[in-house]
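Architecture at a glance
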Amino acid sequence: MSLHNKKSISLLTCLLVFAASPVLAEEASPEHGKINTPDATPVDPGHAEAELSYGYAFADRLWDSGSDSHTRGYASERALGLSLTAGLVENVDISLSAGYSWLKDKENDYDSDGDAGPFSGSNASDLGLSARVRFYRNEALSLDAAYIGGITIPTGSRADAGEIGTSQEYWSVDQTLAASKDWGLWTGNAALGYSLPIGEERHNARGALTADIAAGYQVRPWLQPELELNYSQNFTAHEENPESLALTAGLVMPLTERVRINAGVQQSLWGRNADMGTTLSLAVKLAF
């Protein structure tokens, strides 16, 4: 096991132990926002949120088509993101997201002919536009359900002989069904999404499925340890479709009514034709 994976597993273990610690809770309303699982609760009309995030993902092993793990050249991505969300009317908000990525992949140092290939790249990432519509709300059951629809615009850089690209290189229509539910100080989210590539630039891409479930406990008004299971599968024109299952452990910290910090680690648990990756993330959200 690599040193990076040992460190990430140690951090994951610490977060799990902390999440399970018997801490007395003060009176608090559970926060619906999670690290990697969408929630169904829109921003109130006339209000807005801005989120600045940073993520560091890395892998030095991969899953093959039989789910066996193998070493691979070290790959990493550092990503800086910014998203803006505004409440339009009751039960509806809109979001705009953008970012910048720095990529490295030692697996690309040499191609099949033994020639040096692109092993790094940096540029703006793709632009995302979406709207969240809460179509069901039951205050007695503390249950929200919403449809999130949007598009991804390929504004990032394309891959070429000199650099790794930061874009998916095609337009896509992104759709998600999300639900949020509270049980006292316990709170959970579930989401099912599908991204559909459109246009001639999609080439072999045929779509991407995501399924997420998350649960947290509001141990303090300003602190919610949470756990998530995150599944994804990319569909291509070929038979070998990459898929992976990952565990996210983190802390959601609504420090005030206007400031929330999320910090966590995601570790790949199982996969096929995919990297065995680890992602560290930190995000700060400001409400206006």
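Going along each chain's sequence as written, the residues are numbered from 1 onward. Under the rules for a predicted model, residues below a pLDDT of 70 receive no local features and side-chain atom pairs below 80 are neither given nor counted, while totals for whole chains, interfaces and linings still include all residues. Neither water nor hydrogens contribute to the side-chain values; these are computed over all heavy atoms in the structure.

1. Brief notes about the pairing of strand β5 (residues 127–138)
- Taken together, the 6 bridges between strand β3 (residues 92–105) and β5 define a ladder with antiparallel strand orientation. Across the sheet, the residue bridging to D93 is R132, located in β5.
- In this scheme, strands are said to pair when DSSP sees at least two bridges between them. In DSSP terms, a helix is any run of H or I states spanning at least four residues, a strand is any run of E spanning at least two, and both are numbered starting from the N terminus. Bridge analysis of β5 against strand β6 (residues 143–153) gives 11 bridges, and the strand direction is antiparallel. Residue pairing for β6: V133 is matched across the bridge by Y147.
- Hairpin connection from β5 to β6: 4 residues lie between these consecutive antiparallel strands, with S142 at a positive phi of about 55°.

2. Let's talk about the pattern of salt bridges
- When a carboxyl oxygen of Asp or Glu is within 4 Å of a side-chain nitrogen of Lys or Arg, the pair counts as a salt bridge. All told, the structure shown has 11 salt bridges when counted by the stated rule.
- Across the pair E51 and K285 runs a salt bridge, and its minimum N-O distance is 3.6 Å. You can see E51 sitting in strand β1 (residues 48–63) and its partner K285 sitting in strand β14 (residues 278–287), a full 234 residues away along the chain. Comparing E51 with K285 shows no difference in burial state: the two are buried. Exposure classes here rest on a 1.4 Å probe applied to the protein chains alone. A residue is buried below 20% of its type maximum, exposed above 50%, and partly exposed in between.

3. Re the nonpolar core
- For this analysis, a nonpolar core means a set of buried residues of the types Ala, Val, Leu, Ile, Met, Phe, Trp, Tyr and Cys, connected via side-chain atoms within 4.5 Å. Judged by nonpolar contacts, A40, A146, I148, A178 and A191 together constitute the single largest core of 5 residues.
- Contacts: residue pairs with any heavy atoms within 4.5 Å of one another. Leave out the neighbours within four places in its chain, and A146 touches A40, R132, V133, R134, F135, T176, L177 and A178.

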